[in-house]
Each structure stands twice: as structure tokens, then as C-alpha cells.
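# Residue-level structure breakdown
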Amino acid sequence: MPFTIDLSDKVVLLTGSTAGIGLGIARQFARAGAHVSGCGLESIEQAGEFIQIVQSESGQTPLYVQADVTQPDDLARLVTETVAQYGRIDILASNAGTNVFAGIDGCSAAEWEMNLNLNLASHWRLARLCKPYLETAPGGGVIVVNASCHAYSSLPGCFPYNVAKTALMGLVRSLTLEWSPAIRTVGVAPGFIDTRLNEAWFNTFPDPAAERARTEAQFPMHRLGTPDEIGGWFVFLASDYARFSAGQTYLIDGGRSVVMM
């Protein structure tokens, strides 16, 4: 029998669905047949790539809600509209976040607060809003939280982003301790993933191709990761194949963390 993941009876609420890793997560859940509810800061007209990806992979039109996950009212509306559309939430793919690299001395109070609100508190708030639906989901609900390799090790200047992402590992553990077994919680910690944002970063160098080659050479796999690969981890961890996995945050970094300096 082939190894397949069928989530055609599941409803997934995905945050940060319109760009980067979020698009890869959306694509892979759609390939598995799940009903996808997504959100982002963009208007529905600007969210066309997300909608097109889900439609092309599953034949279904996803729900899209324009929402700022740092705003509690927006989160509540996102959950309400998802349940109104699908009647349930089985999986929370808590992905939304962004880099906040300021350094300890350079970080302003506003940057600190914004980082904690977006990259940490929003995940906690949304999990609590989804709890009544997840804990009654057939077979049990699942939360998959997107952390970062910066939760394991970081670089100078990556404060305060690395602080919030490290704290997300604690959130995954606490949700597991307090909400299991009705809700199973796991985390994913991606390494350097090849997104448009990172492409723009390479383009800041005098020779972008040389900088990309230099960066890729630091990885045992000699390449960067892809959004679809992280999306595949989300789907696997949300599936019954991973039902004994809970409380862990899985580092997916192409082997970079095993390289001795």
C-alpha cells in the first residue's frame, strides 16, 4: 500500500497564507485534500496566488480572510468566519510571523513589543480561540506552530526575533502539557528557506549569485530548503502518521546545525 496522507475530511486554519512558507503549507494541505481557511494582511484581490494554489491542487476554493493576527478582534473574526464556512476546525497551522532583526542595543521598545505580539502572543491567542473547536474535532485536534531555527541557535543582531521564536518552543510544550490528549501540539523550526524575501536579501549583495553559492555551501545538503518541504512537514505532523508526536519542535535546517564552527 502506498504511503499517502488523506486529509479530505479535515478543516485547516492557516495564518500567514499569502507568502513564503505559508504558500508552501497551503499547497501541501490542498494536495492532501484538506479544506483550507487562510489569512493575511493583503486584500482578497491581492491574495490571488494563495487562492489559485489551493484551487489548482484540490479543486476547492479556499476561504480567505484579511486579518492582522496582532489584533485580537481580527483573530476572533478569522475563527468565526472559518467555523461559519466549514462548521469546524480540525487543524491550526499557526504560521504567521516576520523577521525582526534589530540587535539588543539597537532594538526599540516598539520593535520589542511588535515582535512579541506577532511572533509569540498571536499564536497563543489564536490557539485559545480555536480550542473549543479543536478539542471536539473527530480523532482529536492538532496545532502545528511555525517557530524557527533561531529557537535553537542564532546570530548577533537577530534579537529580538530569536527570543520570540525560542519562547514558541515553550508554548508548544505548555499546550501539550495542558491540552493533551484532546489537542496534540507540535512545532516546526525551519532553517534557511528559499523564499522571495530571502531572494531580495541575496540581491542586496554586489554579486547575488556568489553570495547564494557561499551560503548554500555552508549546508551539508548544499542547498536551501523550499516552502513546499516545510509544508510537507506540517501535513505529516497534522496527520495520523504522527499521532504519537507531541510537545516537540522539529528542526529542519538541511543539516546546518551539525556543522562545527
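Just above, that's the structure.
All values derive from a computational prediction rather than experimental measurement.

Now for empty space enclosed by the protein. Counting across every chain of the model gives one cavity of 30 Å³ or more. Reported here for the largest cavity is a volume of approximately 40 Å³. Every residue along the wall of the largest cavity is listed here: Thr 15, Val 69, Leu 75, Ser 94, Ala 96, Ser 122, His 123 and Leu 126. Among the residues making up the lining of the largest cavity, the classes are represented as four nonpolar, four polar and no charged.

This part is about the pairing of strand S1 (residues 11-14). A two-sided burial pattern is seen for S1, the buried positions comprising Val 11 and Leu 13 on one face and Val 12 and Leu 14 on the other. For S1 and strand S2 (residues 35-40), the ladder comprises four bridges, and the chain directions are parallel. Its bridge partner being in S2, Val 12 is matched across the sheet by Val 36. Each parallel crossover has a hand, and for S1 linked through helix H1 (residues 20-31) to S2 it is right-handed. Looking at chain direction, S1 and strand S4 (residues 91-94) are connected through three bridges and run parallel.

Now for the pairing of strand S5 (residues 141-146). With six of six residues buried, S5 is to be regarded as a mostly interior element. Neither face of S5 is open: one carries Gly 141, Ile 143 and Val 145, the other Val 142, Val 144 and Asn 146, and all of them are buried. Sheet analysis places S4 next to S5, joined by four bridges and oriented parallel. Within S5, the position partnered with Ala 93 by the bridge is Val 144. In this fold, the crossover linking S4 to S5 by way of helix H4 (residues 109-134) has right-handed handedness. Looking at chain direction, S5 and strand S6 (residues 183-190) are connected through six bridges and run parallel. Along S6, the bridge assignment pairs Val 145 with Gly 187. Crossover S5 to S6 through helix H5 (residues 161-179) is right-handed.

Conventions used here
- Residues numbered from 1 in each chain as written.
- Predicted model: local features only at pLDDT ≥ 70, side-chain atom pairs only at ≥ 80, totals over all residues.
- Heavy atoms only, no water.
- 1 Å grid on protein atoms, 1.4 Å probe; cavity = no way out; pocket = protein on both sides within 12 Å on 5 of 7 lines; lining within 4 Å.
- Points joined across faces, edges and corners; volume = space filled by probe spheres on them.
- Nonpolar A, V, L, I, M, F, W, Y, C, P; charged D, E, K, R; others polar.
- Buried < 20%, exposed > 50% of the residue type's maximum accessible area, 1.4 Å probe, protein only.
- Helix = DSSP H or I, 4+ residues; strand = E, 2+ residues; numbered from the N terminus.
- Pairing = 2+ DSSP bridges.
- Right-handed = clockwise from strand over helix to strand, strands pointing away.

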